[in-house]
Amino acid sequence: MKAKVRAHANIALIKYWGKEDEVLAIPNNSSLSLTLDKFYTETEVEFSSEFTSDEFYLNGVKDDATLSKVSNFTDLFRKLKGINDRVIVRSVNYVPTAAGLASSASAFAALGKAINVSLDLNLSDEELSTYVRQGSGSATRSLYGGLVQWTKGNSHESSKAVRIDPANFDIGMVVVIVNSKEKKISSREGMKQTVLTSPFYPAWPSEAEKDLDLMKVAIKNQDLEAIGKIAENNALKMHATMMAANPAIIYMEEKSMQAIRLVHELRAEGITAYFTMDAGPNVKIICQLSQAEVIKAKLLKEFNEEEIIVTGVGPDASII
Ligand code: ADP
Ligand code: DP6
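Novice: Now, about the nonpolar core: what can you tell me, with residues and values included?
Specialist: Judged by nonpolar contacts, the single largest core of 72 residues is most densely connected at L13, W17, F77 and M215. If you tally residues by element for this core, the top one is helix α2 (residues 103–118), at 8 residues. A domain split of this core shows at least three residues from each of domain 1 (2–168) and domain 2 (172–311). When near neighbours in sequence (up to four residues on either side) are disregarded, M215 contacts L13, I14, L32, I227, I230 and A231. The next biggest cluster of nonpolar side chains, apart from the first, holds 22 residues, and it includes A273, V283, L299 and F303.

Novice: Please set out unusual backbone geometry residue by residue, giving values where relevant.
Specialist: In the segment running from N246 into P247, the intervening peptide bond is cis, with an omega of 0°. Looking at the secondary structure, you find P247 in the loop between α6 (224–243) and α7 (254–268). Despite not being glycine, D120 shows a phi value in the positive range, around 55°. With respect to the helices, strands and loops of the structure, D120 is situated in the loop between α2 and α3 (125–132). Given a relative accessible area of 53%, D120 falls into the exposed group. You will see that N122, though not glycine, has its phi angle at about 55°, which is positive. As for its placement among the helices and strands, N122 is situated in the loop between α2 and α3. With relative accessibility at 65%, the residue N122 sits in the exposed group.

Novice: Could you give an account of the sheet that holds strand β10 (residues 172–176), with specific residues and numbers?
Specialist: Across the sheet, which stays open at both edges, the 4 strands sit in the order β11-β12-β10-β13 with antiparallel pairing between neighbours. Strand pairing shows two members of the sheet lacking a second neighbour, β11 (273–277) and β13 (308–311), which therefore form its edges. Each neighbouring strand pair of the sheet contributes to a mean axis angle of 25°, computed without reference to strand direction. Across 5 bridges, β11 lies against strand β12 (residues 283–287) in antiparallel orientation. Paired with A273 across the two strands is C287, which belongs to β12. Here helix α8 (residues 292–299) sits on the sheet in contact with β10, β11, β12 and β13, set at roughly 175° to β13.

Novice: Which residues make up helix α4 (residues 187–197), and what values do they have?
Specialist: For α4, the full list of buried residues reads G190, M191 and T194. Around the axis of α4, the buried residues are gathered within 95° of arc, so they sit on the same side. If you follow the buried residues of α4, they end up packed against β2 (19–21) and α6.

Novice: I'd like to hear about the side chain of T43, residue by residue, with values.
Specialist: Position of T43 among the secondary structure elements: in strand β4 (residues 31–48). A residue is classified by how much of its surface remains accessible, and T43, at 1% relative accessible area, is buried. For T43, the side chain forms a polar contact with the side chain of S91, separated by 2.8 Å. The contacts of T43, once residues within four sequence positions are left out, are A3, K4, V5, V89, R90, S91, A107, A110, L111 and A114.

Novice: Can you explain the pattern of salt bridges? Please cite residues and give values.
Specialist: Side-chain pairs of opposite charge can arise whenever the charged atoms involved come near each other. Summed over all chains, the structure comprises 22 salt bridges. Between R78 and D75 there is a salt bridge, with the nearest N and O atoms lying 2.9 Å from each other. Placement of the pair is R78 and D75 together in helix α1 (residues 64–81), with a separation of 3 residues, close to one helical turn. Residue classification places R78 among the buried residues on the basis of a relative accessible area of 2%. Assessed through its relative accessible area of 34%, D75 is described here as partly exposed. Between E307 and K255 there is a salt bridge, and its shortest N-O distance comes to 2.8 Å. Here E307 is found in the loop between α8 and β13, whereas its partner K255 is found in helix α7, with 52 residues between them in sequence.

What counts, and where the lines are drawn
The residue numbering used here restarts from 1 in each chain and proceeds along that chain's sequence as written. Ligands are numbered from 1 and chains lettered from A, in the order in which they are written. Thresholds applied to this predicted model are a pLDDT of at least 70 for local features of residues and 80 or more for the giving and counting of side-chain atom pairs; totals over whole chains, interfaces and linings are not thresholded and use all residues. Water and hydrogen atoms play no part in the side-chain values, which are based on all heavy atoms of the structure. Buried residues of nine kinds, namely Ala, Val, Leu, Ile, Met, Phe, Trp, Tyr and Cys, make up a nonpolar core once their side-chain atoms join them within 4.5 Å. For the exposure calls, accessible area comes from a 1.4 Å probe over protein chains only, and a residue counts as buried if that area is under 20% of its type's maximum, exposed if over 50%, partly exposed in between. Numbering goes from the N terminus for both helices and strands, where a helix is a DSSP run of H or I of at least four residues and a strand is a run of E of at least two. Domains are outlined according to an automatic or database domain assignment. Every residue pair with non-hydrogen atoms within 4.5 Å of one another is taken to be in contact. Any two strands with at least two DSSP-identified bridges between them are counted as paired. Note on method: axes are straight lines fitted to C-alpha atoms, helices fitted across the in-contact stretch only, with angles between N-to-C directions ranging 0 to 180 degrees. It is the directions from the helix axis to the C-beta atoms that the arc portrays. Contacts described as polar in this section are N or O atom pairs within 3.5 Å, which, within protein, must combine one atom able to donate a hydrogen with one able to accept it, while residues neighboring in sequence count only if both atoms come from side chains. Here, a salt bridge means any side-chain nitrogen of Lys or Arg that lies within 4 Å of a carboxyl oxygen of Asp or Glu.

In structure tokens, the structure reads:
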């Protein structure tokens, strides 16, 4: 009853922001992401009837703050299997934790898949995504490589993720690590506060759905210019919506704006470069992977080598 899985982080090109159902984690809008090869989580689980309590270790250190989240998530699968065995979970993040670089996405995809394997549940990836969703919404999309859509749905069974394109074209991201410290407001809290207090929130779900339709056409045409444009506009609409919350939610920092200025300069120089940002100050530049080094060279004029990570498209979550 032991298994180890690696799942890659994903960055949304069309963002998920806000839940319709907090308990089932049904979102207010569908979303779409690109899985990244450089950032991932490896999680090992072991169930035993001899263990007396659940335990969770993150990066080799016992993490009691996250334990209840991990235990509650595991309960979904214990219930499905009809067992009460306790679990020991050992997880390592090859991505900064809680810094807007999607650690919760790779984390819950890896944990869910490892549980699926170790308990012999034989859930398909689509079915598994409906459970993983309850660990963290964005994790549904980290079960797959390439470009992945999480369809909003309106029930536990229908709110699920599928790969829509393997992304076998010249696409990548240059990630500018503006700050890798744990953020003050988690995505979960941030989106809740936005739904409750932002006067602009009512416009968000329909804007996101419109952007998703446009994005799917752009992906079909492998039109990177359009993909970048739609993604950047979608991210800015999400940030504008949360900035209007009360109290305001501002994840951008001075250095985020500095990176954004450099993206604009790159565009003026004729390079396809668009940015997206999540619940954190880090800036992700969508580009042709073949031009990533040119983009990095430009960024190096104002950022350090360690602050810039070039990444291509990541694969499906897999057993290791
Ligand atoms: P991020 O931007 O990194 O996804 P979130 O606030 O969405 O930040 O999620 C971070 C939270 O996810 C952490 O505080 C922790 O509760 C959980 N988490 C991160 N890594 C792991 C892991 N490897 N296993 C289980 N839970 C994790
Ligand atoms: C801005 O998936 O971390 O990255 O479902 O509450 O765990 P919970 O939230 P989470 O939120 C991700 C928000 C985002 C956009 C996205 O990834 O789609």
